[in-house]
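Below, each chain spelled out in residue letters.
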Amino acid sequence: MWTSDYTTQLDNITNGWVPDTHYLYGDEGLKKYNLCDTRYMAHEQRFVMSHNKINPKVYEITKVVDLNPMGVINLTLKQDEWNEKRDNRELLICDYYDETGETQIIIPEVEPQDTTLTSYIYTAHVNENNELEIDYVDQSVRDTDYNKLQTNGTYYFVAEYYTGTVGGEQTIDPNRKSEWKLELKDVEGLTDTEINRLDRLMVMDKIDDNIISIHPKKASILIGHIFTLTVTDIDGESRSTMDVEVIG
Amino acid sequence: MKRDIANIKRDLDNRHNNDIIYKKDQLMKIFQEDPDLKEVLGAKQPKPLNKYRDANNPTEEELKKRQEILDYNRAIQHEQIVPWIKLNGVQKEVLNFIMFDIWDQTDRYDRGGKAVKNELIEVYCVVHEDDMDTEYGIARTDLLSYIVRDLLCWTNALGRQLRCYEDKPMIIDAQYYIRRMRFFMKAPNVVNGHMGTNNIYDNFSQF
């Protein structure tokens, strides 16, 4: 028998049920009305875990521990009180109403438009004034054509970030910082030592927040290998890749 | 014999006047023109300049960034191939050097040392202890000495055939590893020269 300050009923819950409030409200709705987001199990999140409309049981997350191995999360729950003002008994959703308890949140009919961050990798060359100039090419060209690198050459790559709404206009975001990674793509049939050796021979230097140079060293074993250049926004919001091939 | 000091004419710019100056100049060219040597010396590459969005009206931020790049490019420009054997202070930006010098000696079997001399060329591959490792998995000193030997040993780069007779690992200055290579060749004697002079007319070497 579970006893607490809140309830004295038998608590025989065998499985949990968490309504998807994000689906109902979208990002903007959750932010606007200060509602819980059931997609992310975070601290102080309240939700109904029973399907009992007469006596719904509310729980609140007090502790989230990521365990090893990956994929196992240990949540600590505390039983919470049913809030007549904010919770919806019909739908069994906590924090359904706003603080006044009167205004029901109207679900907007229009799909919420998320702001998105898109990143692109461009190649760049040094022009006659010794300035770095970005080669703007279409996405299709970048996707279909490998970037061909010669050993003992120096190649420049620039990441640019664009923010905007889905399907809407995108504007350049100059304040983003990048994390770059270059790794061998065609690893099949190669030992770890060989992969490590090939990775070491591709020297990557950071020039600026969003600019790097790649310098394939003068080694014939590099020729014919394809590397994947990945750029990630430092906040982890956007990721973009490009394949580069050493051809000679 | 009186010296006519007023009429001594030395063209100081003419490198053919002196054997050692001329050969050092040749060695400098050989080393500087080799791209692999430059690569293994680990010179940092100068950064390309940032491009102004509006070429005529750069913003303050752009100008500041441009200045930073220029400062960096200036800082990394140290000569790495030097025609003397001396570490000119510990550098922060440039760690590795090729140093060389020429040592002339009279040949003991040439009576009086009038016609032939022994010419020893010393090349030092100087590598800072922090930069010994290369991407090729070979120690930087070994790679440098391999390239230098490839450029000089058994070649006629300086006229007569050069022969490497020593390639010795050493430690100097507590922080630098070096390989000292010594090349040997016989050369026409201009150490003493004829009649104690050393001018263009005495230099009868092959070049």
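Our structure's up above, just so we're on the same page.
As a starting point, this report considers the structure included with it. Numbering of residues starts from 1 in every chain and runs along the sequence as written. For naming, the first written chain is A and the first written ligand is 1, with later ones following in the order written. Confidence filtering applies because this is a predicted model: local features only for residues at pLDDT of at least 70, side-chain atom pairs given and counted only at 80 or more, and all residues used for totals across whole chains, interfaces and linings.

1. Observations regarding the overall build of chain B
Consideration 1: Counting from the N terminus, the helices are DSSP H or I runs at least four residues long and the strands are E runs at least two residues long. When you go through chain B residue by residue, the secondary structure sums to four helices and five strands.
Consideration 2: Seen in sequence order, chain B has helices and strands lined up from the N terminus as α-α-α-β-β-β-α-β-β.
Consideration 3: Each of the 207 residues in chain B was classed as buried or not, and the buried ones make up 21%.
Consideration 4: Intrachain contacts of chain B at a sequence separation of at least 6 include 54% that bridge at least 24 residues. Residue burial is a threshold on neighbouring C-beta atoms within 10 Å of the residue's own C-beta, all placed from the backbone, with 20 or more meaning buried, 12 or fewer meaning exposed, and counts in between meaning partly exposed. Whether two residues are in contact depends on their C-beta atoms, placed from the backbone: they are in contact if these lie within 7 Å.

2. Observations regarding the sheet that holds strand β3 (residues 116–128) of chain B
Residue and element names in this part refer to chain B.
Consideration 1: What the five strands build is an open sheet, ordered β1-β2-β3-β5-β4; its pairing is mixed. In this open sheet, the two edge strands, each paired with only one partner strand, are β1 (81–82) and β4 (163–172).
Consideration 2: Strand pairing is assigned whenever DSSP identifies at least 2 bridges connecting the two strands. Here β1 pairs with strand β2 (residues 97–106) via two bridges, running parallel. Considered in β2, the bridge of V82 is made with M99.
Consideration 3: The angle between two axes is taken between their N-to-C directions and runs from 0 to 180 degrees, where each axis is a line fitted to C-alpha atoms and a helix contributes only its stretch in contact. Each of β1 and β2 is contacted by helix α1 (residues 19–32), which is oriented at about 150 degrees to β2, the strand it contacts most.
Consideration 4: Set on the sheet, helix α4 (residues 140–152) makes contact with β2, β3, β4 and β5 (176–188); between it and β5 the angle comes to about 10 degrees.

3. A short note on α1 of chain B
All names here are of chain B.
Consideration 1: Given a rise of 1.5 Å per residue, 14 residues ought to cover 20 Å, and the 20 Å separating the end C-alpha atoms of α1 matches this to within 8%.
Consideration 2: Buried within α1 we find D19, K23, L27 and F31. Summarising the axial view, the buried residues of α1 lie within an arc of 90 degrees, below the 170-degree limit, and thus occupy one face.
Consideration 3: Elements that come into contact with the buried residues of α1 comprise α2 (35–40), β1 and β2. Expected helix span is computed as 1.5 Å times (number of residues minus one). The arc refers to the directions leading from the helix axis to the C-beta atoms.

4. So, unusual backbone geometry
Most peptide bonds adopt trans geometry, and most residues besides glycine take a negative phi value.
Residue and element names in this part refer to chain A.
Consideration 1: Phi angles above zero are rare outside glycine, and N130 is one such case at about 65 degrees.
Consideration 2: You can call N130 exposed: it has 12 C-beta atoms within 10 Å.
Consideration 3: Of note, the phi angle at N152 is positive, near 65 degrees, even though the residue is not glycine.

5. Section: the interface of chain A and chain B
Consideration 1: Counting from both sides, the interface comprises 16 residues of chain A and, opposite them, eleven residues of chain B.
Consideration 2: Take the side of chain A that touches chain B: its biggest share by element is three residues, from helix α3 (residues 192–201) of chain A.
Consideration 3: Among the residues making up the side of chain A that touches chain B, the classes are represented as seven nonpolar, three polar and six charged. The nonpolar class holds Ala, Val, Leu, Ile, Met, Phe, Trp, Tyr, Cys and Pro. Asp, Glu, Lys and Arg form the charged class, and all remaining residues, Gly among them, are polar.

6. Remarks on the nonpolar core
Consideration 1: Here a nonpolar core is just a set of buried residues of the types Ala, Val, Leu, Ile, Met, Phe, Trp, Tyr and Cys, joined wherever their C-beta atoms sit within 7 Å. In terms of nonpolar packing, the biggest core is built from 26 residues, with I98, V123, C125, V126, L144 and V148 of chain B touching the most fellow members.
Consideration 2: Within the residue set of this core, elements represented by two or more residues are α1, α2, β2, β3, α4 and β5 of chain B.
Consideration 3: No other element matches the six residues that β3 of chain B contributes to this core.
Consideration 4: Counting residues in hydrophobic clusters, the runner-up holds 22 residues, among them V158, M202, I211 and V231 of chain A.

7. Description of the sheet that holds strand β9 (residues 178–184) of chain A
Residue and element names in this part refer to chain A.
Consideration 1: Taken together, the four strands give an open sheet; going across it, the order is β6-β13-β12-β9, and neighbouring strands pair in mixed fashion. With one partner strand each, in any of the chains shown, β6 (147–149) and β9 form the two edges of the open sheet. Strand-to-strand twist of the sheet, defined as the mean angle between neighbouring strand axes without regard to direction, takes the value 30 degrees.
Consideration 2: Where strand β12 (residues 226–233) meets strand β13 (residues 239–246), seven bridges bridge the pair, whose relative direction is antiparallel. In the sheet register, T230 faces β13, and the bridge partner there is T241.

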